[in-house]
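Descriptive analysis of the structure
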Amino acid sequence: MTETQQPAVTKSEQQWREQLTPAEYAVLRQAGTERPFTGEYTDTETEGVYSCRACGAELFRSDTKFHSHCGWPSFFAPSDTDAVILKEDDSLGMRRVEVLCTSCHSHLGHVFHGEGYDTPTDDRYCINSISLTLEPK
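In what follows, the accompanying structure is described. Just so it is clear, the model here is predicted, and its values are computed rather than measured. (Residues numbered from 1 in each chain as written. Predicted model: local features only at pLDDT ≥ 70, side-chain atom pairs only at ≥ 80, totals over all residues. Heavy atoms only, no water.)

Attention now goes to the pattern of salt bridges. Enumeration over the complete set of coordinates arrives at ten salt bridges. Close ionic contact of Glu-24 with Arg-53 constitutes a salt bridge, the shortest N to O distance being 3.3 Å. Placement of Glu-24 in helix H2 (residues 22-28) and of Arg-53 in the loop between strand S1 (48-52) and strand S2 (58-61) is noted, with a sequence separation of 29 residues between them. Accessibility expressed as a relative area gives 11% for Glu-24, which makes it buried. Taking the shortest distance from any N to any O, the salt bridge between Arg-96 and Asp-89 comes out at 3.3 Å. You can call Asp-89 buried: its relative accessible area is 11%. What you see here is one network of salt bridges that share partners, running through Glu-24, Glu-40 and Arg-53. (Salt bridge = Lys/Arg side-chain N within 4 Å of Asp/Glu carboxyl O. Helix = DSSP H or I, 4+ residues; strand = E, 2+ residues; numbered from the N terminus. Buried < 20%, exposed > 50% of the residue type's maximum accessible area, 1.4 Å probe, protein only.)

As a further point, take the sheet that holds S1. Pairing in this open sheet of three strands is antiparallel, and the strands run S2-S1-S9 from one edge to the other. Of all strands in the sheet, those with a lone pairing partner are S2 and strand S9 (132-136), marking the two edges. Adjacent strand axes in the sheet meet at a mean angle of 30° when their direction is disregarded. Bridge count for S1 against S9 is five bridges, and the pairing is antiparallel. Considered in S9, the bridge of Gly-48 is made with Pro-136. (Pairing = 2+ DSSP bridges. Axes fitted to C-alpha atoms, helices over the stretch in contact; angles between N-to-C directions.)

Shown next, in the form of structure tokens:
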């Protein structure tokens, strides 16, 4: 999915601020990052579906979550190829690929490829817990 496509869920920044906590807003709407090893889903092994905390769109499933020991929840693939947008990110003096929710264009985290994890895709979607809501199976 390309970032140029309009999001299905659109709200004013004031509406987002009213809906989200300040910490959620900082990550989801301002591309912030929660501190490593502090998120509620970093080590969880609960089976279920992870959705966007801002709009509720399904993003990841627990069967693609793995322990990367990086401090954030890690997944080797989104639940659907159209669930996320991948965007080049050259901020902070490094080249990364930002992961956005396709439905509302909220910031989720970053994806890294070729780090040597034993996963089917060799991708690590490093996602902020605060960007997600887990619906247990």
